[in-house]
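As a plain string of letters, each chain reads:
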Amino acid sequence: MVAFGAQGSPLVFSSKRPEYLGVKDGRLARCKRTPNCVSSQADPADAEHYVAPIRFTGSAAEAMAAVRGAVASMERATVVREEAGYLYAEYRSRLMRFVDDVEFAFDEREGLIHVRSASRLGRRDFGVNRARVERLRALIEGRVRA
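Summarised in this report is the structure supplied together with it. Because the structure is predicted, anything quoted here is derived from the model rather than measured.

**Thoughts on the side chain of Arg-116**
- Relative to the elements of secondary structure, Arg-116 occurs in strand β6 (residues 112–119).
- At 3.0 Å, the side chain of Arg-116 and the backbone oxygen of Ala-29 are in polar contact.

Structure (structure tokens):
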């Protein structure tokens with residue numbers, strides 16, 4: 001069931017796009033204390049929020065192309081911003097159209113793609129962000145086809 005607004009269009013529970021997104025001092029934004037965010041830059045001892053970065057070989061441009069392709073292959077995903085060493089995408093849930101923010105920061109020196117996936121609204125995500133990152137990891141590493 002989808003909720004509809006006064007104009008007959010589906011309601012979108014997206015909130016405002018966060019202003020703190022992006023890479024600052026080589027790092028993506030920290031996860032809030034709520035369990036609806038995962039990040040490869042969280043403390044590895046924080047099992048609720050930590051997810052391993054994605055390893056890659058090749059240039060940052062090749063890694064970005066792989067990330068862009070993986071994001072484009074997934075339903076309800078939109079690339080919002082792409083710049084040198086960074087890609088930001090939004091994912092919308094099927095029914096209520098909640099928006100999740102997913103960011104990638106490329107560290108060519110270390111051969112890593114750092115990732116952060118967070119729900120904009122609510123407290124729990126029932127593992128959706130972690131599952132999304134693992135799906136993206138498999139697509140980027142070429143283990144599965146879109």
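**Thoughts on the pattern of salt bridges**
- Scanning the model with the defined rule gives 12 salt bridges in all.
- The residue Asp-100 makes a salt bridge to Arg-132 at a minimum N-O spacing of 2.9 Å. Of the two residues, Asp-100 is situated in strand β5 (residues 99–107) and Arg-132 in helix α2 (residues 128–140); the sequence distance between them amounts to 32 residues. Residues Asp-100 and Arg-132 agree in their burial class; the two are buried.
- A single network of salt bridges, built from pairs that share partners, joins Arg-17, Glu-90, Asp-101 and Arg-120.

**Observations concerning the side chain of Ser-119**
- Tracing the backbone through its elements, the reader meets Ser-119 in strand β6.
- On the basis of relative accessibility, which here comes to 15%, the residue Ser-119 falls in the buried class.
- Apart from the residues lying within four places of it in its own chain, the contact partners of Ser-119 are Asn-36, Val-99, Asp-100, Asp-125 and Asn-129.

**Comments concerning unusual backbone geometry**
- Non-glycine residue Asp-25 carries a positive phi angle of around 55 degrees.
- Mapped onto the elements of the fold, Asp-25 is located in the segment before β1 (37–39).
- Backbone geometry places Arg-76, a non-glycine residue, at a positive phi of 60 degrees.
- Here Arg-76 is to be found in the loop between α1 (60–72) and β3 (77–83).
- Under the relative-accessibility criterion, Arg-76 is labelled partly exposed at 35%.

**Looking at α2**
- The first and last C-alpha atoms of α2 sit 18 Å apart over 13 residues, in line with the 18 Å expected at 1.5 Å per residue.
- Residues of α2 that are buried make contact with β1, β2 (54–55), α1, β4 (86–92), β5 and β6.
- Positive phi appears at Gly-142, one or two residues downstream of α2, with a value of about 75 degrees.

Calculation notes
- Residues numbered from 1 in each chain as written.
- Predicted model: local features only at pLDDT ≥ 70, side-chain atom pairs only at ≥ 80, totals over all residues.
- Heavy atoms only, no water.
- Helix = DSSP H or I, 4+ residues; strand = E, 2+ residues; numbered from the N terminus.
- Polar contact = N/O pair within 3.5 Å; in protein donor to acceptor, adjacent residues only side chain to side chain.
- Salt bridge = Lys/Arg side-chain N within 4 Å of Asp/Glu carboxyl O.
- Buried < 20%, exposed > 50% of the residue type's maximum accessible area, 1.4 Å probe, protein only.
- Contact = heavy atoms within 4.5 Å.
- Expected span 1.5 Å × (residues − 1).

Geometry only, nothing functional implied.
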